[in-house]
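A look at the structure
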Amino acid sequence: MNIIVTGGAGFIGSNFIFHMLGKYPEYRIVCLDCLTYAGNLSTLQSVMDNPNFRFVKENITDREAVCRLFEGEHPDIVVNFAAETHVDRSIEAPEVFLDTNIKGTAVLMDACRKYGISRYHQVSTDEVYGDLPLDRPDLFFTEETPIHTSSPYSSSKAGADLLAAAYYRTYGLPVTISRCSNNYGPYQFPEKLIPLMIANALNDKPLPVYGKGENVRDWLYVEDHCKAIDLIIHKGCIGEVYNIGGHNEMRNIDIVKIICRELERPESLITYIADRKGHDMRYAIDPAKIHRELGWLPETKFADGIKKTVKWYLEHREWWEDIISGEYREYYKRMYSN
Ligand code: NAD
Ligand code: DAU
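Before going further, it helps to examine the overall build of the protein. Of regular secondary structure, the protein possesses twelve helices and 13 strands. For the protein, the spread of C-alpha atoms along the principal axes amounts to about 55 × 45 × 35 Å. Taken over 338 residues, the protein has a buried fraction of 56%. Total accessible area computed for the protein in this model is approximately 14,400 Å², and 51% of it derives from carbon and sulfur atoms. Taking the 38 positively charged and 48 negatively charged side chains of the protein as two groups, their mean positions are separated by 0 Å.

Laid out in structure tokens, this is it:
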């Protein structure tokens, strides 16, 4: 089996590569990533010498480069993780989100049509469903929930999902789509809530909580997400959407307090700041379909996953310290100075 994994130098894509190379030593994995600010080659260091792994630095919007890669590699499966992923950056500058997330998806699927593949998997997000009210804990996102987006990021991901469904219906491209809730774990870029709070707490810096910190996210350990995608590409039904989530809803403020406790830092570091524009209140996935049809269940409890994550960031300071000293420093200043 020959698999192209796009966006594999980022958080979830790299964890997926580690999972696949470990579980299927006979598979060949080719990572296609253009190394934006969010991509790090150092993340992939441990697999660079694996003869079944190849890294290719190209942009998924570059049609010629993508076709060249398909011509040389003849992939059986393409798993598309490559995306601009940070909601706050999409509010600041939406255009690159449209280029990568929508056009890039179309370029990849055109190459799949041209060269033939057995599966194109689109890694999507629960954010395409919009948000749920805090006072209706009985409501969850199912695969039938209408798409109703809030941010330029989620709108661009929804655009990609609609295109993928259209390529399935119009051209018969063998597509599957997964929509996962918030991931956490090793190698997450420190602009996202959990690693940002860990890094700031370790540096005794303020912990910036948007609004009142009452927004709810449904957290899933990254390995569980990778295992779900592994199941979908091998056993999932073509043309189907699968929601992925572990019924682990938590308020942002409670997450930040847990991190303070884990790192023995005072809660007085918590600083309430201006809310995100259009901030989604609550995400909550109903994962009944992937459980019923593919037997998937999350394996890591949040209490264990957050301990493992905090430990990983403690033991890999050089990885994230390197990141927060570069472009991120300018972004952080723009984003948080007021
Ligand atoms: P990330 O930001 O950590 O990594 C994105 C990767 O894509 C980086 O390595 C970057 O260099 C690469 N990339 C960006 N633009 C590219 C382009 N034009 N061409 C080639 N490579 C490009 O992202 P992540 O958090 O690992 O998310 C991966 C995927 O999972 C995304 O599609 C995202 O929408 C989806 N997702 C993320 C979460 C989450 O909680 N992080 C949850 C559900 C779904
Ligand atoms: O739900 C899946 C999505 O989860 C993915 O599709 C996105 O790619 C991923 O970035 C994530 O989106 P969120 O916006 O939920 O994640 P983020 O880590 O940016 O924020 C989580 C919550 O924490 C959100 O309610 C905003 C809040 N927050 C975030 C930051 C960075 C803060 O209060 N302070 C912060 O500094």
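Packing of helix α1 (residues 11–23) against helix α7 (residues 222–235) brings their axes to within 9 Å, and their N-to-C directions diverge by 65°. α7 is crossed by α1, and the crossing has right-handed handedness. Residue-level contacts link F11, I12, N15, F16, H19, M20 and K23 of α1 to V222, H225, C226, K227, I229, D230, I233 and H234 of α7. For the contact of α1 with α7, the class distribution of residues is eight nonpolar, four polar and three charged.

With that settled, the discussion passes to empty space enclosed by the protein. Rolled over the atoms, a probe sized like a water molecule indicates the empty space that remains. Counted by the stated rule, this structure contains two cavities of 30 Å³ or more. Contributing to the lining of the second largest cavity are A9, G10, F11, A38, N40, T43, Y187, F189 and W319. A class-by-class count of the residues in the lining of the second largest cavity yields six nonpolar, three polar and no charged.

Now for the layout of surface pockets. Empty space within the largest pocket amounts to approximately 330 Å³. For the largest pocket, the lining is made up of 13 residues, of which A274, D275, R276, K277 and M335 are closest to its centre. Those elements that provide at least two residues to the lining of the largest pocket are α3 (87–92) and α12 (327–336). Looking at the lining of the largest pocket, the element that brings in the most residues is α3, giving three residues. Per-class residue counts for the lining of the largest pocket are six nonpolar, two polar and five charged. Approximately 180 Å³ is the volume found for the second largest pocket.

Near ligand 1 you find 28 residues, and of these I12, D33, T85, Y153 and K157 are the closest. In this structure, a nitrogen atom belonging to ligand 1 sits 3.2 Å away from a main-chain N or O atom of C34. T36 has a polar backbone atom sitting 3.0 Å from an oxygen atom of ligand 1. Against a free-state accessible area of 850 Å², the protein chains account for coverage of 97% of ligand 1. Where the shell around ligand 1 is concerned, the elements lending two or more residues are α1, β5 (119–125) and α5 (152–171). Among the elements that line the shell around ligand 1, the one with the most residues is β5, at three residues. Split by residue class, the shell around ligand 1 holds 13 nonpolar, twelve polar and three charged.

Before going further, it helps to examine the site of ligand 2. With respect to spatial proximity, 24 residues lie near ligand 2, and among them D126, Y153, R276, H279 and Y336 are the closest. With respect to ligand 2, the backbone of T85 contributes an N or O atom lying 2.8 Å from an oxygen atom. Interatomic distance of 2.8 Å between a backbone N/O atom of L193 and an oxygen atom of ligand 2. Across the complex, the protein chains shield 95% of the 680 Å² of accessible surface that ligand 2 would expose by itself. When residues of the shell around ligand 2 are traced back to their parent elements, those giving at least two are α6 (193–202) and β8 (207–210). Among the elements that take part in the shell around ligand 2, β8 stands out by supplying three residues, more than any other.

Analysis parameters
Residues numbered from 1 in each chain as written. Chains lettered and ligands numbered in written order. Predicted model: local features only at pLDDT ≥ 70, side-chain atom pairs only at ≥ 80, totals over all residues. Heavy atoms only, no water. Helix = DSSP H or I, 4+ residues; strand = E, 2+ residues; numbered from the N terminus. Buried < 20%, exposed > 50% of the residue type's maximum accessible area, 1.4 Å probe, protein only. Areas by Shrake-Rupley, 256 points an atom, 1.4 Å probe, with all protein chains shown as cover. Lys, Arg positive; Asp, Glu negative; His and termini not counted. Charge placed at Lys NZ, Arg CZ, Asp CG, Glu CD. Axes fitted to C-alpha atoms, helices over the stretch in contact; angles between N-to-C directions. Left-handed = near helix turned anticlockwise from the far one by under 90°. Contact = heavy atoms within 4.5 Å. Nonpolar A, V, L, I, M, F, W, Y, C, P; charged D, E, K, R; others polar. 1 Å grid on protein atoms, 1.4 Å probe; cavity = no way out; pocket = protein on both sides within 12 Å on 5 of 7 lines; lining within 4 Å. Points joined across faces, edges and corners; volume = space filled by probe spheres on them. Near = heavy atom within 4 Å. Polar contact = N/O pair within 3.5 Å; in protein donor to acceptor, adjacent residues only side chain to side chain.

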